[in-house]
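Below, each chain spelled out in residue letters.
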Amino acid sequence: MREGIHPAYGHVVFRDRAADYAFLTRSTMTSEKTIEWEDGNTYPVVDVEISDVSHPFYTGTARVLDTAGRVERFERRYGKKG
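Because the structure is a prediction, the values reported are computed rather than measured.

What follows concerns the overall build of the protein. Helix and strand counts for the protein come out as 2 helices and 4 strands. Expressed as a percentage of its 82 residues, the buried residues of the protein come to 15%. For the protein, the proportion of contacts with a sequence separation of at least 24, taken over those separated by at least 6, is 33%.

Next comes the structure, spelled out in structure tokens:
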């Protein structure tokens, strides 16, 4: 790899504000804000709007679109073709 063209890759804390959840990982993202983590070290913190802890798909609160009901309603209203 060429020297000096890649962003710095280091530890970053991602914080989900909706679920009050944070996790430490490595990333090229950075931030001016910092947080003291459980291990006593200070890391940059990036606030995210949604993560796997608060996403409706992963929490089981996702709504399922009733497409069959829409088709049946259309057929009742306008009649079946054929």
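Back to the text.
Bridging between strand E1 (residues 10-16) and strand E4 (residues 42-48) involves 4 bridges; their strand directions are parallel. Its bridge partner lying in E4, Val 13 is registered against Val 45. Examined bridge by bridge, strand E3 (residues 34-36) and E4 share 3 bridges and lie antiparallel to one another. Pairing of Glu 36 across the sheet is with Thr 42, part of E4. Linking E3 to E4, which pair antiparallel, is a turn of 5 residues; within it Gly 40 sits at a positive phi near 95°.

For Asp 20, which is not a glycine, the phi torsion comes out positive at approximately 55°. Mapped onto the secondary structure, Asp 20 falls in the loop between E1 and strand E2 (21-27).

On to the environment of Asp 16, then. Structurally, the position occupied by Asp 16 is in strand E1. On a C-alpha basis, the gap between Asp 16 and Ile 50 in space is 5.9 Å, while along the polypeptide they are 34 residues apart. Setting aside residues up to four positions removed in sequence, Asp 16 forms contacts with Tyr 21, Val 48, Glu 49, Ile 50, Ser 51, Val 53 and Ser 54.

Within the buried core, Asp 16 has no salt-bridge partner, and the shortest N-O distance to an opposite charge, that of Arg 17, equals 8.1 Å. Of the polar contacts made by the side chain of Asp 16, one reaches the backbone nitrogen of Ala 18; its length is 3.1 Å.

In this section: the packing of aromatic side chains. Following the criterion strictly, the structure yields 3 aromatic pairs and no others. Summarising the aromatic geometry, the rings of Phe 14 and Phe 23 are spaced 5.8 Å apart at their centres and angled 25° between planes, so their arrangement reads as stacked. An angle of 50° between the planes, with centres 4.9 Å apart, marks the rings of Phe 74 and Tyr 78 as tilted. Of the two residues, Phe 74 and Tyr 78 are both situated in helix H2 (residues 67-78); the distance of 4 residues between them amounts to about one turn of the helix. Each residue in the set Phe 14, Tyr 21 and Phe 23 is aromatic and connected to the rest through ring pairs, giving one cluster.

Secondary-structure assignment places Arg 15 in strand E1. Looking at Arg 15, the relative accessible area reads 18%, which means it is buried. Here the side chain of Arg 15 touches Asp 47 through a polar contact of 2.7 Å, side chain to side chain. When residues no more than four places from it in sequence are discounted, the contact partners of Arg 15 are Tyr 21, Ala 22, Ile 35, Val 45, Val 46, Asp 47 and Val 48.

Parameters at a glance
Residues numbered from 1 in each chain as written. Predicted model: local features only at pLDDT ≥ 70, side-chain atom pairs only at ≥ 80, totals over all residues. Heavy atoms only, no water. Helix = DSSP H or I, 4+ residues; strand = E, 2+ residues; numbered from the N terminus. Buried < 20%, exposed > 50% of the residue type's maximum accessible area, 1.4 Å probe, protein only. Contact = heavy atoms within 4.5 Å. Pairing = 2+ DSSP bridges. Lys, Arg positive; Asp, Glu negative; His and termini not counted. Salt bridge = Lys/Arg side-chain N within 4 Å of Asp/Glu carboxyl O. Polar contact = N/O pair within 3.5 Å; in protein donor to acceptor, adjacent residues only side chain to side chain. Phe/Tyr/Trp six-rings, centres within 6.5 Å; stacked < 30°, edge-to-face > 60°.

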